[in-house]
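# Coordinates in review
Here is how the chains run, residue by residue.
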Amino acid sequence: MDYVYGPGRNHLFVPGPVNIPEPVIRAMNRNNEDYRSPAVPALTKTLLEDVKKIFKTTTGTPFIIPTTGTGAWESALTNTLSPGDRIVSFLIGQFSLLWIDQQQRLGFNVDVVESDWGQGANLDVLASKLAADRYHSIKAICIVHNETATGVTNNLATVRKLLDDYNHPALFLVDGVSSICALDFRMDEWGVDVALTGSQKALSMPTGMGFVCASPKALEAAKSARSVRVFFDWNDYLKFYKLGTYWPYTPSIQLLYGLRAALDLIFEEGLDNVIARHARLGKATRLAVEAWGLKNCTQKEEWYSDTVTAVLVPQYIDSTEIVKRGWKRYNLSLGLGLNKVAGKVFRIGHLGNLNELQLLGCLAGVEMVLRDVGYPVKLGSGVAAAAAFLSNTTPLIPSRI
Ligand code: PLP
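Quick caveat: nothing in here was measured; it's all calculated off a predicted structure. (Residues numbered from 1 in each chain as written. Predicted model: local features only at pLDDT ≥ 70, side-chain atom pairs only at ≥ 80, totals over all residues. Heavy atoms only, no water.)

## Considering the UniProt feature "binding site: substrate" (unreviewed entry) in the protein chain
Here, the residues flagged by UniProt with the feature "binding site: substrate" (unreviewed entry) are Arg347. Position of Arg347 among the secondary structure elements: in strand S14 (residues 345-349). You can call Arg347 buried: its relative accessible area is 7%. With near-sequence residues (within four places) excluded, Arg347 lies in contact with Phe13, Pro15, Phe95, Thr148, Ala149, Val308, Thr309, Ala310, Leu334, Gly335, Leu336 and Leu338. For Arg347, the side chain forms a polar contact with the main-chain oxygen of Thr148, separated by 2.9 Å. (UniProt positions renumbered as here; feature names shortened; annotations may be inferred. Helix = DSSP H or I, 4+ residues; strand = E, 2+ residues; numbered from the N terminus. Buried < 20%, exposed > 50% of the residue type's maximum accessible area, 1.4 Å probe, protein only. Contact = heavy atoms within 4.5 Å. Polar contact = N/O pair within 3.5 Å; in protein donor to acceptor, adjacent residues only side chain to side chain.)

## Topic: the packing of aromatic side chains
Scanning all chains against the criterion turns up eleven aromatic pairs. Ring geometry for Phe63 versus Trp234: centroids 5.1 Å apart, planes at 10°, classification stacked. Separated by 171 residues along the polypeptide, Phe63 in strand S2 (residues 61-65) and Trp234 in helix H8 (residues 234-243) bring together distant segments of the chain. For Phe63, a relative accessible area of 1% translates into the label buried. Considering the side-chain rings of Tyr237 and Trp247, the 6.2 Å spacing of their centres and the 65° angle between planes classify their relative orientation as edge-to-face. Separated by ten residues along the polypeptide, Tyr237 in helix H8 and Trp247 in the loop between H8 and helix H9 (253-269) bring together distant segments of the chain. Joined through ring pairs, the aromatic side chains of Phe63, Phe231, Phe232, Trp234, Tyr237, Tyr241, Tyr246, Trp247 and Tyr249 make up one cluster. Residue placement shows Lys201 over the ring face of Phe95; its charged tip is 6.0 Å from the ring centre. (Phe/Tyr/Trp six-rings, centres within 6.5 Å; stacked < 30°, edge-to-face > 60°. Lys NZ or Arg CZ within 6 Å of the ring centre and 35° of its normal.)

Right, dumping it as structure tokens:
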């Protein structure tokens, strides 16, 4: 049984997959087409141009791949690196752990820099590694911009600054799966060499598309990278880009039209407005958590994530029960704690096509669930704190001014 009916709308507040807006759903409700007709390449051309905007790049080359974030990781790694290459990678939660596991299984020599779950990447350790690496044995720095398991956002500008300060040529590979299109992300300005994301997060689409964007330096690295790759080989894409047909294999027609609609919605609101909306919703959520007397899993303000908040629960409560109860009683879907923080945190995803009142509905639901599991919360306390902040800060809807 993959779906169980509940009345009303499901309040989907897991940090991906997120709600798909109606215009995107409708755009995808269409027949297949001949992808070799003139229409699909013409559509693809506009998509590739527009996808560059969400990465904030003019010099990058985007690849739209029928895959998920995990495949996008593999595409980034195998196109730019060779087996045995030394890479520095930060372990700060479940998704960075999974990426590191992939890096190791692909045969790279992974220099893991671990932090407590709830902390950001340890950039002091990065600085000392770069300083010590006079012969440039480090070929790449891999970092998850926003660790979805703990609600931690890393400072990418600092990573770039360190690479520049030490005049280090390592490639800078960034997982932006729960950040791009929601958090401030600047591929060109931060000198990111490969950035990637997936369709089911801030783009608010179904799962199934991976987006990888390569800098000119990454494309150059791809020429000598010896990792085995077939399905993910950028060269195959580049060949078809030159021909103007774009696809080395059959694209999902429905997802392409869905992407068109998703990008149109983002540009209509304005990417910077979208980012500001996420900042607002993130802050409102944190104010609610504080009003409930609970702690954020994220240990310092500088790492607070505006796309997901992992909430620590008191030891006498199993956070898994909170998630179960929310779904069973209130048609509310919250994120589970994963791996090391299983049972200790629940996550509120506040990313994608989402507005203030939806968030307040979720927060009201969380309060009721907290009471259900025996936590002495004052009903309305988090909602009031969030609403007070949102009523002071929510602008008019840009497209309705
Ligand atoms: N990276 C991050 C930060 C994620 O949050 C996720 C999934 O939630 C992934 C990678 C893996 O993406 P996917 O599940 O689409 O393969």
